[in-house]
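What the coordinates show
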Amino acid sequence: MNDKKIAWMSLVLMVVAAGCGSGSSGSGAAGSMKATPEFEDVGSASGDLNGDGFADLAVLSAPTDPADARPAYVSVYYGPIVQDAPRVASEHYDTAPSASAVTIADLNEDGTLDLVIAQRCAPTPGGYYLGRVQVYYRATAGGVVGQSEHLLGLDAESVGVADIDGDGMTDLLAGGSGYLFLARGLGARSFEAPTHVSCSGVWTIRKPGTPGVADLAVGRWTNPSIVDVYCWTPGLGLDPAASLTFSGPVSSLQGSDLNHDGLEDLLAGMAGGPGSSQAAAMSEGRFSFTPPGWLQ
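So, here is what we can say about the structure in this document. Residue positions are given per chain, counting from 1 as you read along its sequence in written order. In view of the model being predicted, local features appear only for residues whose pLDDT reaches at least 70, and side-chain atom pairs are presented and counted only at 80 or more, with totals across whole chains, interfaces and linings using the full set of residues. Excluded from the side-chain calculations are hydrogens and water; all other atoms, namely the structure's heavy atoms, are used.

Counted as salt bridges are all cases of a side-chain nitrogen of Lys or Arg within 4 Å of a carboxyl oxygen of Asp or Glu. Counting across every chain of the model gives 8 salt bridges. When salt bridges with common partners are traced through the structure, they connect Asp165, Arg184 and Glu192 into a single cluster.

Attention now moves to the packing of aromatic side chains. Between the rings of Phe, Tyr and Trp (Trp by its six-membered ring), a pair exists once the centres lie within 6.5 Å; its type follows the angle of the planes, with under 30 degrees stacked, over 60 edge-to-face, and the other angles tilted. For the structure on display, the rule yields 2 aromatic pairs. With a centroid separation of 5.4 Å and an interplanar angle of 55 degrees, the aromatic rings of Phe39 and Tyr73 are classed as tilted. One end of the pair, Phe39, is in strand 1 (residues 39–47); the other, Tyr73, is in strand 3 (residues 72–77), and 34 residues separate them in sequence. When sorted by exposure, Phe39 lands in the same class as Tyr73, which is buried. Helix and strand assignments follow DSSP, with helices taken as H or I runs no shorter than four residues and strands as E runs no shorter than two, numbered in order from the N terminus. Summary of the burial criterion: residues with accessible area below 20% of their type's maximum are buried, those above 50% are exposed, and those between are partly exposed, where the area comes from a 1.4 Å probe applied to protein chains only.

On to the sheet that holds strand 24 (residues 293–294). A pair of strands is treated as paired once DSSP finds two or more bridges between them. As summarised here, the arrangement of the 4 strands in space is 19-20-21-24, forming an open sheet in which the pairing is antiparallel. Two strands bound the open sheet, and with one partner strand each, they are strand 19 (250–256) and strand 24. Across 6 bridges, the pairing between strand 19 and strand 20 (residues 265–270) is antiparallel. In the sheet register, Val250 faces strand 20, and the bridge partner there is Met270.

Next up, the structure:
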């Protein structure tokens, strides 16, 4: 990203993002786990939202027509989730029509999982989309105990939550249109102004096996794809600590302990593989990996 674009974005982030829309919590109408013709499911996340030991499902549904001003909404279905069984939403949260992704995390560290929603704002005069993250802070039994909204860089097609800088406070990440931004947590539901991490295609949060440590793996939009693994260095910020070359365009990234050795490997979804669409680089330590290879 060039300096002019960063400076322009920093100025715009100081003003209200007009046209981004907002949402408010509500009971809503009970609904099944299927979108109506006017709405489509655009994202989902799972976690034990009501503390009963079962995984629950949060589904984000948004209008199919971009000109439709009706709010998008997140429906929460309590587990256990059974395939093809009719379900009725137990919680309902309205959000902006431009909502694009949802994740679940205990953002205020009160022991209850919260809903974190990424939104694409209306285009600015410069032709860029601002990104915003809306947080619903939940009570264990359902309902909202607070809300917060945070402008987070350019666009917001994906959202993530982790303690990236290792200070014990949860940070926010949002990416879209090839840009990735980090807002460091300050506690008390507040965050620093977002900083640009990289121009990226795909990204994932990786937990390399050390308690309390989270790294960031970012794949560039190239062919072959370069995947950089970033770590936080006090005083310097996020720096790439390892780079991997995948022999093709990487379309998705995920951290997973594929061989059960206690270290998170990197799993990449790819196009054009030899009978496979998955490649992996196996972790041999926090910043040491085997050369990426196809999974047969």
